[in-house]
Amino acid sequence: MRKSKTLHPTDKGLQVYNLVKDKKIANVQMTAEWEKTLDRIEKDELSKDQFMNDIQHYTAEITSELLSLYIPQENIPQLKCPKCQKHTLIIKAKIAKCADEQCNWILFRITCGIQLSIKDLTLLLTQNKT
Ligand SMILES: [Zn+2]
């Protein structure tokens, strides 16, 4: 009987892998890369030091990617375009507009020198159903 396959990478490495593999950011390609890497360690083609290096690099990248993805979405709600009801609005400091160029719906957030807050904008778009 053949020796069963075992993985030798450090526990910490596997912990990191388990943490990120469920995230959307760890896509199929990345997962495949990881499996290749683990395979290479198993065959002694890659040192554990190199592996740990890669992990540190990888987690730093993931962290900055996650931060840039999730932080802005906490403040800006996903609002649907009131015209086409399909696309999400792009909300900027002075305007809110439909993401679809063809629809071209736009709202100027500044009237009489006063900026509509995100909250006002949300109320306006979710309550106005006419
Ligand atoms: Zn639209």
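For the structure, check the block above.
On a predicted model such as this, the values are computed, not experimentally measured, just so you know. (Residues numbered from 1 in each chain as written. Predicted model: local features only at pLDDT ≥ 70, side-chain atom pairs only at ≥ 80, totals over all residues. Heavy atoms only, no water.)

> How should I be thinking about the overall build of the protein chain in this particular structure?
Along the backbone of the protein chain there are four helices and five strands. The helix and strand sequence of the protein chain, counted from the amino end, reads α-α-α-β-β-β-β-β-α. Counting only residues that meet the buried cut, the protein chain has 22% of its 130 residues in that class. Of all intrachain contacts in the protein chain linking residues separated by at least 6 positions in sequence, the fraction that spans at least 24 positions is 36%. Taken as a whole, the protein chain presents about 10200 Å² of accessible surface, with 53% of it coming from carbon and sulfur. (Helix = DSSP H or I, 4+ residues; strand = E, 2+ residues; numbered from the N terminus. Buried < 20%, exposed > 50% of the residue type's maximum accessible area, 1.4 Å probe, protein only. Contact = heavy atoms within 4.5 Å. Areas by Shrake-Rupley, 256 points an atom, 1.4 Å probe, with all protein chains shown as cover.)

> Any chance you could explain the coordination of the zinc ion here in plain terms?
When a metal carries six donors in an octahedron, the ideal angles between them are 90 or 180 degrees, while four donors in a tetrahedron ideally lie at 109.5 degrees. Donor atoms from the polypeptide that coordinate the zinc ion comprise C81 (SG), C84 (SG), C98 (SG) and C103 (SG), at 2.2 to 2.3 Å from the metal. The coordination sphere of the zinc ion comprises four donor atoms, whose angles at the metal cover 102 to 117 degrees; the geometry is tetrahedral. Donor residues for the zinc ion, ordered by position in the chain, follow C-x2-C-x13-C-x4-C. (Donors = N, O, S within 2.8 Å, 3.2 Å for Na, K, Ca; no water. Tetrahedral: all angles 85-135°; square planar, octahedral: opposite > 155°, others 65-115°.)

> Honestly, the pattern of salt bridges in this entry has me stumped. Any pointers?
A side chain with one charge can pair with a side chain of the opposite charge if their charged atoms come near. By the definition in use, this model includes one salt bridge. When the shortest N-O distance is used, the salt bridge between D39 and K43 registers 3.0 Å. (Salt bridge = Lys/Arg side-chain N within 4 Å of Asp/Glu carboxyl O.)

> Would you explain the sheet that holds strand β1 (residues 89–91) in this entry?
The strands that make up a sheet pair up through hydrogen bonds in the backbone, lying either parallel or antiparallel. Strand order in the open sheet made by the three strands is β1-β2-β3, with antiparallel pairing throughout. The open sheet terminates on both sides in strands that have one partner only, identified here as β1 and β3 (106–108). Strand-to-strand twist across the sheet, computed as the mean angle between neighbouring axes with direction ignored, equals 15 degrees. Bridging between β1 and strand β2 (residues 95–98) involves three bridges; their strand directions are antiparallel. Along β2, the bridge assignment pairs I91 with A96. Packing of helix α4 (residues 118–127) onto the sheet brings it into contact with β1, β2 and β3, and relative to β1 it is tilted by some 160 degrees. (Pairing = 2+ DSSP bridges. Axes fitted to C-alpha atoms, helices over the stretch in contact; angles between N-to-C directions.)

Honestly, that's just the spatial picture; any functional story needs more than this.
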